[in-house]
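# Architecture and fold: a report
Below, each chain spelled out in residue letters.
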Amino acid sequence: MAAPLEPVETTESTCAPKTARGRHVFRVTGYSLLKGLGAGNFIRSATFAVGGHDWCVRFYPDGDGLDVTDELISVYVERLSKGTQVRALFGLRLTKRDKNLSRPKYITPKICNFNHSRTTCGYKRFIKRSDLEASRFLLNDRLLVVCDITVILGTPVSQSEPVCEIQVPPSDLSDNLGKLLESEEGADVTFEVEELLGPMRDREMKAIKVEDMQPSVFKALLHFVYKDSLPTMDDLHLDVEDKEEVVKHLLVAADRYAMERMKLLCESILCKKLNVESVATTLALADKHHCSTLKDACIQYIISSSNRMDDMMASQGYEHLKRACPAVFVDIWEKSAKSG
């Protein structure tokens with residue numbers, strides 16, 4: 001007789017991104033007067049807010065100018081807010097009257113990443129002009145364009161499993177300083193003690209010039225040498241935009257002077273700040289200065305989404321990456337193929 005099966009314990013969990021939803025109805029009146037406005041020209045709706053961002057609708061009565069014919073009407077969503085990128089699901093549609101918003105002509109919704117280089121997204125072939133003019137959506141020379149937007153505020157990430165984590169070893173400052181003092185290996189400055197309280201007092205002290213390093217970077221470097229930790233960026237009196245650049249320059253200095261722990265600290269900071277605008281530049285930096293962990297994190301960030309790949313290629317740092325590190329694209333292709 002077969003032994004009875006033991007009961008199976010079943011558990012469940014759910015992970016859902018936080019979202020904010022909004023709807024805007026754009027009333028286009030005097031449609032007949034807008035025809036002939038010209039391809040690529042548009043009218044804009046009033047500004048409306050969803051998910052902490054400002055948006056508007058662009059209506060192109062003669063098309064967006066990207067198609068060979070002007071018989072098509074184009075409609076786009078535009079993000080007016082500046083700053084970091086945002087991911088949003090949106091749909092644009094026509095409806096007959098204000099009270100019938102639940103039964104419109106549906107257009108397949110789209111998901112788009114909006115950033116400083118990609119502020120608009122929508123439908124270049126929204127509807128043919130002849131189809132619109134023959135439909136019941138155009139009533140009394142007026143039409144209603146409905147825009148539904150769902151802003152994706154972020155997907156919860158387990159604190160125990162960060163997207164990118166670089167392990168930084170504990171401090172060994174005392175050992176390193178002791179070895180440097182004994183060997184003088186790699187020292188850029190040496191001191192000759194000669195009658196400390198005698199002739200040296202009357203000598204003119206000469207300034208030591210440090211080449212190719214910004215003052216804020218050198219200040220942070222000295223802070224690490226003496227305290228074995230990076231200063232807070234507020235102590236350096238920097239703007240927000242400059243903070244990440246200082247960390248990149250510190251990484252270069254750490255590589256130059258073989259300060260491996262500071263180098264790993266900089267890699268860890270940059271790894272947590274990856275975005276579609278900076279990833280190409282950060283990848284080029286990681287490749288040049290042999291930061292394998294940061295390089296792998298950049299590549300994994302890029303290939304994890306086809307939209308990220310497109311946005312990275314549209315960023316300012318992409319051309320520099322192609323020129324400076326052409327071989328890195330082999331790594332991107334291989335990792336993308338393996339992740340399949």
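Under an unreviewed UniProt entry, the protein chain has the name MATH domain-containing protein and belongs to Urochloa decumbens. If you open the UniProt record of the protein chain and go to Sequence similarities (unreviewed entry), you find "Belongs to the Tdpoz family." Among the UniProt annotations of the protein chain, the heading Pathway (unreviewed entry) holds the following wording: "Protein modification; protein ubiquitination."

The phi torsion at N140 lies on the positive side, around 55°, for a residue other than glycine. Within the secondary structure, N140 sits in the loop between α2 (129–134) and β9 (142–154). Within the chain, D141 stands out as a residue other than glycine whose phi angle is a positive 60°.

With that settled, the discussion passes to the nonpolar core. The biggest cluster of nonpolar side chains holds 39 residues, and the ones touching the most others in it are L250, M262, L283, L294 and L321. Contributing elements (two or more residues each) for this core: α4 (215–227), α5 (240–256), α6 (260–272), α7 (279–288), α8 (292–303), α10 (317–324) and α11 (328–339). With residues up to four places along the chain from it excluded, the contact list for M262 reads L221, F224, L230, L250 and A254.

So, on to the packing of α7 against α10. For the pair α7 and α10, the least separation of the axes is 7 Å and the interaxial angle reads 25°. Relative to α10, α7 is oriented roughly parallel. Read as a crossing pair, α7 and α10 show a hand that is left-handed. Contact with α7, carried on its side by A280, T281, L283 and A284, involves G317, Y318, H320 and L321 of α10 and no other residues of that element. Classifying every residue of the contact of α7 with α10 gives five nonpolar, three polar and no charged.

What follows covers α6. With 13 residues, α6 ought to run about 18 Å at 1.5 Å a step, and its terminal C-alpha atoms sit 19 Å apart, in line with that. Among all positions of α6, only R261, M262, K263, C266, E267, S268, L270 and C271 are buried.

Helix length check: α8, at 12 residues, gives a terminal C-alpha distance of 17 Å against a target of 16 Å (1.5 Å per residue), a fit within 8%. Buried residues of α8: L294, K295, A297, C298, I299, Y301, I302 and I303, and no others.

As a further point, take a nonpolar patch on the surface. On the surface, a nonpolar cluster with roughly 370 Å² of combined accessible area is contributed by F218, L222, V225 and Y226. Within the secondary structure, L222 sits in helix α4. Relative accessible area serves as the criterion here: at 35%, L222 is assigned to the partly exposed category.

Tallied over the full model, the rule gives seven aromatic pairs. Ring centres of F90 and F114 lie 6.3 Å apart, and the angle between their planes is 55°; this geometry places the pair in the tilted category. Here F114 lies in strand β7 (residues 110–114) and F90 lies in strand β6 (residues 86–95), a separation of 24 residues in the sequence. Summarising the burial analysis for this pair, F90 and F114 share the class buried.

Within a regular strand, side chains alternate between the sheet's two faces. The buried fraction of strand β4 (residues 53–60) amounts to seven of the eight residues, a majority that puts the element mostly inside the structure. Direction of pairing for strand β2 (residues 43–44) relative to β4: antiparallel, over a ladder of two bridges. Paired with R44 across the strands is R58, a residue of β4. Strand direction decides the pairing type here: strand β3 (residues 48–50) and β4, joined by three bridges, are antiparallel. For V50, the partnering residue across the bridge sits in β4 and is H53. Connecting the antiparallel pair β3 and β4 is a turn made up of two residues, with G51 showing a positive phi of about 65°. Pairing of β4 with strand β5 (residues 72–79) involves six bridges; the strand directions are antiparallel. Counted as the bridge partner of C56 is E78 from β5.

Of note, T108 is situated in the loop between β6 and β7. Expressed as a C-alpha distance, the spacing of T108 and R93, which sit 15 residues apart in the sequence, is 9.0 Å.

The rules behind each value
- Residues numbered from 1 in each chain as written.
- Predicted model: local features only at pLDDT ≥ 70, side-chain atom pairs only at ≥ 80, totals over all residues.
- Heavy atoms only, no water.
- UniProt positions renumbered as here; feature names shortened; annotations may be inferred.
- Helix = DSSP H or I, 4+ residues; strand = E, 2+ residues; numbered from the N terminus.
- Core = buried A, V, L, I, M, F, W, Y, C linked by side-chain atoms within 4.5 Å.
- Buried < 20%, exposed > 50% of the residue type's maximum accessible area, 1.4 Å probe, protein only.
- Contact = heavy atoms within 4.5 Å.
- Axes fitted to C-alpha atoms, helices over the stretch in contact; angles between N-to-C directions.
- Parallel < 35°, antiparallel > 145°, perpendicular 65-115°, else oblique.
- Left-handed = near helix turned anticlockwise from the far one by under 90°.
- Nonpolar A, V, L, I, M, F, W, Y, C, P; charged D, E, K, R; others polar.
- Expected span 1.5 Å × (residues − 1).
- Patch = residues over 30% accessible without salt bridge, like charges linked within 9 Å, V, L, I, M, F, W, Y side chains within 5 Å.
- Areas by Shrake-Rupley, 256 points an atom, 1.4 Å probe, with all protein chains shown as cover.
- Salt bridge = Lys/Arg side-chain N within 4 Å of Asp/Glu carboxyl O.
- Phe/Tyr/Trp six-rings, centres within 6.5 Å; stacked < 30°, edge-to-face > 60°.
- Pairing = 2+ DSSP bridges.

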